Amino acid sequence: MSGVCKAASTIGAVGRGAKQIDAEMLDGFAATLGVPVAVLAELTGVRRSAEGRELTPAVVDTAALLWEVRHLTWDQESRLTEYAEALGGE
């Protein structure tokens, strides 16, 4: 979704304050959270990457969906997955 791929341990280290966030991770967090990069840059004091990716509406919608899915139970997520696969024909 964001084009940034980091290990869960790296993301966890940022969350714990054990690792500094960099410009690439700033882009990834912005996309995943559905927050403009400029807002996170201002909040964190980290300079934006040279590419300065702005979030497309599709990325923002995907981030919102992921944020909501985390509230589902395992059974609900399984049913949703089955439904999505049936709709997608796979």
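Before any of the text, the structure's been laid out above.
J.: Looking at this structure, how should I read the overall build of the chain?
T.: Helices and strands together make up the secondary structure of the chain, namely five helices and zero strands. For the chain, the succession of helices and strands along the chain, N to C, is α-α-α-α-α. If you sum the accessible surface of the chain, you get close to 6,500 Å²; carbon and sulfur atoms cover 58% of it.

J.: Looking at this model, I keep getting lost on the packing of aromatic side chains. Mind explaining?
T.: Here a ring pair, both rings aromatic, is described through the centre-centre distance and the interplanar angle of the planes. In total, this model carries zero aromatic pairs according to the counting rule given. For Arg 70, the ring lying beneath its charged end belongs to Trp 67, and the centroid distance is 3.8 Å.

J.: Mind showing me how you'd approach the packing of helix H2 (residues 23-33) against helix H4 (residues 57-69) here?
T.: Between two packed helices, the angle of one axis relative to the other and the distance separating the axes together describe the packing. Direction vectors running N to C along H2 and H4 enclose 70°, while the axes themselves pass 6 Å from each other. Taken together, the axes of H2 and H4 are roughly perpendicular relative to one another. Between H2 and H4, the residues in contact are Ala 31, Thr 32 and Leu 33 and Val 59, Ala 63 and Trp 67, respectively. Here the contact of H2 with H4 is built from residues that sort into five nonpolar, one polar and no charged.

J.: Looking at this structure, how should I read a nonpolar patch on the surface?
T.: Taken together, the side chains of Leu 72, Leu 80, Tyr 83 and Leu 87 make up a nonpolar region of the molecular surface, amounting to roughly 410 Å² of accessible area. Among the secondary structure elements, Leu 80 is positioned in helix H5 (residues 74-88).

J.: Honestly, the pattern of salt bridges in this entry has me stumped. Any pointers?
T.: This structure, assessed with the given rule, holds one salt bridge. Here Lys 6 ties to Glu 24 by a salt bridge, and the two come within 3.0 Å at their closest N and O atoms. Of the two residues, Lys 6 sits in the segment before helix H1 (8-16) while Glu 24 sits in helix H2, which places them 18 residues apart along the sequence. Among the residues examined, Lys 6 registers a relative accessible area of 31% and is labelled partly exposed. Note on Glu 24: relative accessible area 36%, which makes it partly exposed.

J.: Quick question: what am I supposed to make of the packing of H2 against helix H3 (residues 37-44) here?
T.: Between H2 and H3, the shortest axis-to-axis distance is 9 Å and the interhelical angle comes to 125°. Between H2 and H3, the interaxial angle falls into the category oblique. Classified by chirality, the crossing of H3 by H2 is right-handed. Along its contact with H2, which presents Leu 26, Asp 27, Phe 29 and Ala 30, the element H3 presents Val 37, Leu 40, Ala 41 and Thr 44. For the contact of H2 with H3, a count of residues per class yields six nonpolar, one polar and one charged.

J.: Would you explain H3 in this entry?
T.: Structural remark: α-helix, 3.6 residues per turn; residues separated by three or four positions point the same way. For H3, the full list of buried residues reads Val 37, Leu 40 and Ala 41. When H3 is viewed along its axis, its buried side chains cluster within an angular range of 105° and face the same direction. Looking at H3, the residues exposed on the side facing more than 90 degrees away from the buried face are Glu 42 and Leu 43. Buried residues in H3 make contact with H2. Remark: Gly 45 follows H3 within two positions and exhibits a positive phi of approximately 80°.

Cut-offs and rules
- Residues numbered from 1 in each chain as written.
- Predicted model: local features only at pLDDT ≥ 70, side-chain atom pairs only at ≥ 80, totals over all residues.
- Heavy atoms only, no water.
- Helix = DSSP H or I, 4+ residues; strand = E, 2+ residues; numbered from the N terminus.
- Areas by Shrake-Rupley, 256 points an atom, 1.4 Å probe, with all protein chains shown as cover.
- Phe/Tyr/Trp six-rings, centres within 6.5 Å; stacked < 30°, edge-to-face > 60°.
- Lys NZ or Arg CZ within 6 Å of the ring centre and 35° of its normal.
- Axes fitted to C-alpha atoms, helices over the stretch in contact; angles between N-to-C directions.
- Parallel < 35°, antiparallel > 145°, perpendicular 65-115°, else oblique.
- Contact = heavy atoms within 4.5 Å.
- Nonpolar A, V, L, I, M, F, W, Y, C, P; charged D, E, K, R; others polar.
- Patch = residues over 30% accessible without salt bridge, like charges linked within 9 Å, V, L, I, M, F, W, Y side chains within 5 Å.
- Salt bridge = Lys/Arg side-chain N within 4 Å of Asp/Glu carboxyl O.
- Buried < 20%, exposed > 50% of the residue type's maximum accessible area, 1.4 Å probe, protein only.
- Left-handed = near helix turned anticlockwise from the far one by under 90°.
- Arc of directions from axis to C-beta.

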